[in-house]
Amino acid sequence: MPKTSPRAGVRQKNTELVARRAEALDPLDSVLPFDRRDFLAGLLTDDDVETLRHLAKEGIGDNSLRALASDLGYLEAWSLAATGQPLPWPAPEALLIKFVAHHLWDPSRRDLLSTHGMPEDVTAALKEEGLLRVDGPHAPSTVRRRLSSWSTLTKWRGLRGKFNAPGLQSAIKLAVRASARPRGRKSKKAVTADILAALLKACAGEKLVDLRDRALLITAFASGGRRRSEISALRVEQLVEEDPVPADPKASGGDTLPCLRIRLGRTKTTQADSDAFVLLVGRPVLALKDWLERAAITEGAVFRGIDRWGNLEKRALTPQAVNLILKRRVAEAGLDPQAFSAHGLRSGYLTETARRGIPLPEAMQQSQHRSVQQASNYYNDAERTLGQAARVIT
């Protein structure tokens, strides 16, 4: 009798059961897009769904909840493909080590030993689900993040896992060393001031969508390179009108520029009750106010969807939509959309401040980076390209 594959088992799930789980995820509609909820409902167990609902009630941040849901869906799909069973809670150490071995491995050994790394049937099953896009070992940061999510979800179930077991930690260190995969940046190229100018030119029209995209791009960049999740979640209530500021800070009197304060609330590096803020000064303020006035937005989400007929929607843009907007404008500017992502606005802001000689602490105050090391990487790159060390022979 032919053996039923894990993938076939997923397909045979009761339709009514999947529909019920999708309905149970409906309260998370502000976090998970509709199609994503349906997809996860086919992978998650009832206990998984209940855990996510509990986390939402506990007030966990939208970004954290979205990441946990995504990682949980991947872990369940991997477990089904690799073992034929849903994830056990808590997971035994052997399963955790198997996860590391499937995702971090030495490509040179794979040429000699076909069983090294992720088995071909597991790879095929994950690719068929649309959950796997790489053929080689995963980035160590991705593996660590998914293990961290696995650990967090285990704790929220009131259980203790083996995530700090010496055997697992040793396996991770050895696997990271063997995989030898250099860390890639979230955006291959930074959206520096010259690139931003080209993007703004691409949306220089007077249609509602042009006004929105112009305001979105210049606001995200000028406010310190805000993350796409922060831009999509930005609300009118976070904007505070400030007194105009001098156009030339070193000169007394003279021309002034409009100024807005953006209260950040909960972000990746700040808490909901934090008083952290950044400032918008000059042209970005005018672009943002122009958008809000033309769109007649006085409360709620600042950046919203616009349908094909040019009608404004009530719901805020998703973080993914922010990324797609940037890529579309990149293509319209005649650049390669594969080379840019929304994170390029963040790296581009720091790269630009480095080029202009703005002190790193001042730039970090606007970008709200916590890590000096991470922020200084962009500075180091800019200084090296502008410096003389690489120009000894030209």
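The structure under discussion appears in the preceding block.
Criteria and cut-off values
Residues numbered from 1 in each chain as written. Predicted model: local features only at pLDDT ≥ 70, side-chain atom pairs only at ≥ 80, totals over all residues. Heavy atoms only, no water. Helix = DSSP H or I, 4+ residues; strand = E, 2+ residues; numbered from the N terminus. Buried < 20%, exposed > 50% of the residue type's maximum accessible area, 1.4 Å probe, protein only. Contact = heavy atoms within 4.5 Å. Core = buried A, V, L, I, M, F, W, Y, C linked by side-chain atoms within 4.5 Å. Pairing = 2+ DSSP bridges. Axes fitted to C-alpha atoms, helices over the stretch in contact; angles between N-to-C directions. Expected span 1.5 Å × (residues − 1). Parallel < 35°, antiparallel > 145°, perpendicular 65-115°, else oblique. Nonpolar A, V, L, I, M, F, W, Y, C, P; charged D, E, K, R; others polar. Left-handed = near helix turned anticlockwise from the far one by under 90°. Patch = residues over 30% accessible without salt bridge, like charges linked within 9 Å, V, L, I, M, F, W, Y side chains within 5 Å. Areas by Shrake-Rupley, 256 points an atom, 1.4 Å probe, with all protein chains shown as cover. Salt bridge = Lys/Arg side-chain N within 4 Å of Asp/Glu carboxyl O.

Trainee: Sorry if this is basic, but what is going on with the overall build of the chain here?
Mentor: In terms of regular secondary structure, the chain is built from 18 helices and five strands. Per-residue burial over the chain gives 43% buried out of 394 residues. Intrachain contacts of the chain at a sequence separation of at least 6 include 63% that bridge at least 24 residues.

Trainee: Would you take a moment to explain the nonpolar core for this structure?
Mentor: Nonpolar side chains in soluble globular proteins generally cluster together in the buried interior. Counting 50 residues, the largest nonpolar core has L217, L288, W291, V302 and F303 as the members making the most contacts within it. Breaking this core down by element, the ones donating at least two residues are α11 (193-202), α12 (208-222), β2 (256-263), β3 (277-281), α14 (283-294), α15 (319-332), α16 (343-355) and α17 (360-367). If you tally residues by element for this core, the top one is α12, at eight residues. Every residue in contact with L217, bar those within four places of it in the chain, is listed here: L196, L199, L200, C203, L326, R329 and L345. L40, L52, L126 and V143 belong to the second-largest nonpolar core, a separate cluster that totals 36 residues.

Trainee: What am I meant to see in the side chain of S149 here?
Mentor: With respect to the secondary-structure elements, S149 resides in helix α9 (residues 140-156). Relative accessible area serves as the criterion here: at 6%, S149 is assigned to the buried category. Once residues within four sequence positions are removed from consideration, S149 is found in contact with L68 and D71.

Trainee: Which parts of the structure should I look at to understand the sheet that holds β2?
Mentor: The strands making up a sheet associate through hydrogen bonds between their backbones, and the pairing can be parallel or antiparallel. Ordered in space as β1-β2-β3, the three strands form an open sheet in which the pairing is antiparallel. The open sheet has two free edges, formed respectively by β1 (239-246) and β3, since each of these has just one partner strand. The average angle at which neighbouring strand axes cross in this sheet is 30 degrees, direction not considered. Sheet topology places β1 next to β2; six bridges connect them, and they run antiparallel.

Trainee: What should I look at first to understand helix α5 (residues 62-83) in this one?
Mentor: Owing to its 3.6 residues per turn, the α-helix aligns residues three or four sequence positions apart on the same side. Taking 1.5 Å as the rise per residue, α5 with 22 residues should run 32 Å; its terminal C-alpha atoms sit 31 Å apart, in good agreement. Phi turns positive one or two residues past the end of α5, at G84, with a value near 80 degrees.

Trainee: Can you walk me through the pairing of β2 in this structure?
Mentor: Within a regular beta strand, the side chains point alternately toward one face of the sheet and then the other, so they alternate between its two faces. Note: β2 against β3, five bridges, orientation antiparallel. Among the inter-strand pairings, R261 is bridged to a residue of β3, identified as L279.

Trainee: Would you explain the environment of D210 in this entry?
Mentor: The residue D210 is located in helix α12 in this model. Overall, D210 belongs to the buried group, its relative accessible area being 11%. C-alpha separation for the pair D210 and W291, spaced 81 residues apart in sequence, amounts to 9.1 Å. Apart from the residues within four sequence positions on either side, D210 is in contact with C203, G205 and R329.

Trainee: Explain the environment of L239 to me, please; I cannot follow it from the model alone.
Mentor: Residue position: L239 is located in strand β1. Residues L239 and L280, 41 residues apart in the sequence, show an inter-C-alpha distance of 9.8 Å.

Trainee: Even after reading the chapter, I still don't get the packing of α12 against α15, so can you show me in this structure?
Mentor: Relative orientation and spacing of two packed helices are given, respectively, by the angle between their axes and the distance between those axes. Packing of α12 against α15 brings their axes to within 11 Å, and their N-to-C directions diverge by 105 degrees. On the basis of the axis angle, α12 is roughly perpendicular to α15. Together, V209, D210, R212, D213, L216 and L217 of α12 and V322, I325, L326, R328 and R329 of α15 make up the contact between the two elements. Looking at the contact of α12 with α15 residue by residue, the classes come out as six nonpolar, no polar and five charged.

Trainee: Can you walk me through the packing of α16 against α17 in this structure?
Mentor: One can describe the packing of α16 onto α17 by two numbers: an axis separation of 10 Å at closest approach and a directional angle of 155 degrees. By the angle between their directions, the pair α16 and α17 is classed as roughly antiparallel. Every pair of crossing elements has a handedness; the one defined by α16 and α17 is right-handed. From α16, R346, Y349, L350 and T353 reach across to α17, where they touch A363, Q366 and S367. Taken together, the residues of the contact of α16 with α17 sort by class into three nonpolar, three polar and one charged.

Trainee: What is the right way to read a nonpolar patch on the surface from this model?
Mentor: Side chains of F277, L279 and V281 sit close together on the surface and give an oily, nonpolar patch of about 200 Å² of accessible area. Its location among the elements puts F277 in strand β3. For F277, a relative accessible area of 32% corresponds to the partly exposed category.

Trainee: Could you clarify how one ought to interpret unusual backbone geometry in this entry?
Mentor: Trans peptide bonds make up the majority, and among non-glycine residues the majority have a negative phi. A cis amide bond links W89 with the next residue in sequence, P90, at an omega value of -5 degrees. Counting through the fold element by element, P90 comes out in the loop between α5 and α6 (93-103). The phi dihedral of A296 is positive, around 55 degrees, even though this residue is not glycine. A296 gets classed as exposed once you look at its relative accessible area, which sits at 60%.

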